[in-house]
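What follows is the residue order along each chain.
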Amino acid sequence: LAVGTLSPQQVYHCVKQQQKKLDESQDENNSTTANNNPSDLNWLVSHMEMRDFFLFDSFRHGPSAYRLHPTNQPAHKPNLPRQWLPLSSENRDQFSRWACGQTNLP
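Residues numbered from 1 in each chain as written. Predicted model: local features only at pLDDT ≥ 70, side-chain atom pairs only at ≥ 80, totals over all residues. Heavy atoms only, no water.

Chemist: Which residues make up the environment of Lys16, and what are the values?
Modeler: Tracing the backbone shows Lys16 in helix α1 (residues 8-29). Sequence separation between Lys16 and Leu41 is 25 residues; the distance between their C-alpha atoms is 8.4 Å. (Helix = DSSP H or I, 4+ residues; strand = E, 2+ residues; numbered from the N terminus.)

As structure tokens, this is what we get:
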């Protein structure tokens, strides 16, 4: 998750798929062992929700989120008018490298 090779959505669907398999196997065996309880996987989903909350909250507040006395003004200013660059020959190459994931950035 941290480096972006897995999305939270992929992890969520995998967890739900495993829970379904465990539910089906429990129905067949009519027993619940300590290692095969499907509800034990719920902690992963709840931790991912907390991770996303704090991640987006830190994006919202920017560097202020990590100060002892943070400011109340978010770093993101949604009402600020944006100026988009026209797609010229100079930035067309930059855009296509970005769109293809070839920016040489991690």
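Chemist: Please provide a residue-by-residue account of a nonpolar patch on the surface, values included.
Modeler: Together, Met50, Phe53 and Phe54 make up a nonpolar patch on the protein surface, roughly 340 Å² of accessible area in all. Counting through the fold element by element, Phe54 comes out in helix α2 (residues 42-61). You can call Phe54 exposed: its relative accessible area is 53%. (Patch = residues over 30% accessible without salt bridge, like charges linked within 9 Å, V, L, I, M, F, W, Y side chains within 5 Å. Areas by Shrake-Rupley, 256 points an atom, 1.4 Å probe, with all protein chains shown as cover. Salt bridge = Lys/Arg side-chain N within 4 Å of Asp/Glu carboxyl O. Buried < 20%, exposed > 50% of the residue type's maximum accessible area, 1.4 Å probe, protein only.)

Chemist: Tell me what's going on with the packing of aromatic side chains, and back it up with residues and numbers.
Modeler: Within the structure shown, the criterion is met by three aromatic pairs. Measuring from ring centre to ring centre gives 5.0 Å for Phe53 and Phe54, while their planes differ by 80°; the resulting arrangement is edge-to-face. No difference in accessibility class separates Phe53 from Phe54, as the two residues are exposed. Look at Phe56 and Phe59: their rings are 6.1 Å apart centre to centre, the planes differ by 70°, and that puts the pair in the edge-to-face class. Linking Phe56 with Phe59, this pair stays in helix α2, spanning three residues, or about one helical turn. For Phe59, a relative accessible area of 54% puts it in the exposed group. (Phe/Tyr/Trp six-rings, centres within 6.5 Å; stacked < 30°, edge-to-face > 60°.)

Chemist: Give me the lowdown on α2, citing residues and values where you can.
Modeler: Here α2 contains 20 residues, and its C-alpha end-to-end distance of 29 Å stays within 8% of the 28 Å for a straight helix at 1.5 Å per residue. Those residues of α2 lying buried are Val45, Met48, Ser58 and His61. (Expected span 1.5 Å × (residues − 1).)

Chemist: Account for the environment of Asp52, naming residues and giving values.
Modeler: Within the fold, Asp52 resides in helix α2. Residue Asp52 is classed as partly exposed on the basis of its relative accessible area, which comes to 24%. Along the sequence, Asp52 and Pro8 sit 44 residues apart, while their C-alpha atoms lie 8.9 Å from each other. Looking at Asp52, its side chain comes within polar contact range of the side chain of Arg51, at 3.2 Å. (Polar contact = N/O pair within 3.5 Å; in protein donor to acceptor, adjacent residues only side chain to side chain.)

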